[in-house]
Amino acid sequence: MTKIPLVALISGRGSNLKAIIDANDPLIEIRAVISNRPDAKGLIYAQENGIPTEVLDHKQFATRKSFDTHLQTSIDHYQPKLIVLAGFMRILSSEFVAHYQGRLINIHPSLLPAFKGLNTHQQALEAGVKEHGASVHFVTEDLDAGPVIIQASVPVLPDDDSESLGARVLIEEHRIYPQAIHWFAEKHLF
Ligand code: GAR
């Protein structure tokens, strides 16, 4: 069986990366994890699981374009069929996104198209919605606007703050990201 090679990009904690690693999907091979932050905790779990890691510190690059060009070179070295943004908190240039069209996916902590950008749980609380959640989507040039692959919703409870709501959403993120990747590997998404 040929496994789908993937590269994951992270910036921090890496709990979605952990969920993907722990899913142990026989259809995928995580070739590398690349972080734009040297202190990203997710790097440690990847290393403990024998996955090659790289750090490409965006602060070392003068422009977004130069960072993206180097990132692209690092990723392409592993010849991935799928690039997974797992809490990667950098906006990517349109050239970068175009290079990976149809094979670059992201998880976003809201029911898109609602609450794009940052602080999504606070945005949901302020909007007074009854349901909130997470979305896995293809990345396109427009931020958080590409085609949705899977979503999961959770109730917003009367005494929620952004932390309690975010924790409820995160449980769903850890379920739907491995699922979306599995569908991609099964070629259900293209
Ligand atoms: C996750 O909640 C993910 O949905 C979000 O960052 C968190 C990363 O957590 N991503 C975005 O907001 C992307 N715009 P993790 O590092 O533990 O996976």
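Below or above, wherever it landed, is the structure these notes cover. (Residues numbered from 1 in each chain as written. Predicted model: local features only at pLDDT ≥ 70, side-chain atom pairs only at ≥ 80, totals over all residues. Heavy atoms only, no water.)

What to know about the site of the ligand
The condition that has to hold: What makes a residue near a molecule or strand is one non-hydrogen atom of that residue sitting within 4 Å of it. What qualifies as a polar contact is a pair of N or O atoms within 3.5 Å, subject to a donor-acceptor requirement within protein and to the restriction that residues adjacent in sequence count only when both atoms come from side chains. For accessible areas, the Shrake-Rupley method is used with a probe of radius 1.4 Å. Any residue's cover is judged against the shown protein chains and nothing else. A run of H or I in DSSP becomes a helix once it reaches four residues, and a run of E becomes a strand once it reaches two; helices and strands are each numbered from the N terminus. Nonpolar residues are Ala, Val, Leu, Ile, Met, Phe, Trp, Tyr, Cys and Pro. Charged residues are Asp, Glu, Lys and Arg, and all others, Gly as well, are polar.
R13, G14, S15, N16, G87, M89, I107, H108, P109, L170 and E173 make up every residue found near the ligand. A distance of 2.7 Å separates an oxygen atom of the ligand from a polar atom in the backbone of G14. For the ligand, an oxygen atom lies 2.9 Å from a polar atom in the backbone of N16. Taken by itself the ligand offers 450 Å² of open surface, and the protein chains cover 86% of this. At the level of secondary structure, the elements contributing two or more residues to the shell around the ligand comprise α1 (15-23), β5 (104-108) and α6 (162-185). Broken down by class, the residue content of the shell around the ligand amounts to 4 nonpolar, 5 polar and 2 charged.

Describing helix α5 (residues 120-127)
Our working definition: Three labels apply to residues, based on accessible area from a 1.4 Å probe with only protein chains included: buried if under 20% of the type maximum, exposed if over 50%, partly exposed otherwise in between. In this description, one arc is meant: the one made by directions from the helix axis to the C-beta atoms. Working rule for contacts: check all heavy atoms of both residues, and any pair within 4.5 Å makes them a contact.
The complete set of buried residues in α5 reads T120, H121 and A124. Considered in projection along α5, the buried side chains sweep an arc of 100° and stay on one side of the axis. Against the buried residues of α5 lie β5, β6 (131-138) and α6. A positive phi of about 75° marks G128, the residue just after α5.

A look at the sheet that holds β6
For clarity, the threshold we go by: A strand pair is defined by DSSP finding two or more bridges across the two strands. Here an angle of 0 to 180 degrees is reported between the N-to-C directions of two axes, which are lines fitted to C-alpha atoms, with helices fitted over the stretch in contact.
Strands sit in the order β3-β2-β1-β4-β5-β6-β7 across an open sheet of 7 strands; the sheet is mixed. This sheet does not close on itself; its edge strands, each paired only once, are β3 (53-55) and β7 (148-155). On average, each strand axis in the sheet is inclined to that of its neighbour by 20°, with strand direction left out of account. Bridge count between strand β4 (residues 82-85) and β5: 3 bridges; the pairing is parallel. Bridge assignment links I83 to a residue of β5, and that residue is L104. Its contacts with the sheet place α6 against β1 (4-10), β2 (28-35), β4, β5, β6 and β7, and it is angled at close to 155° to β7.

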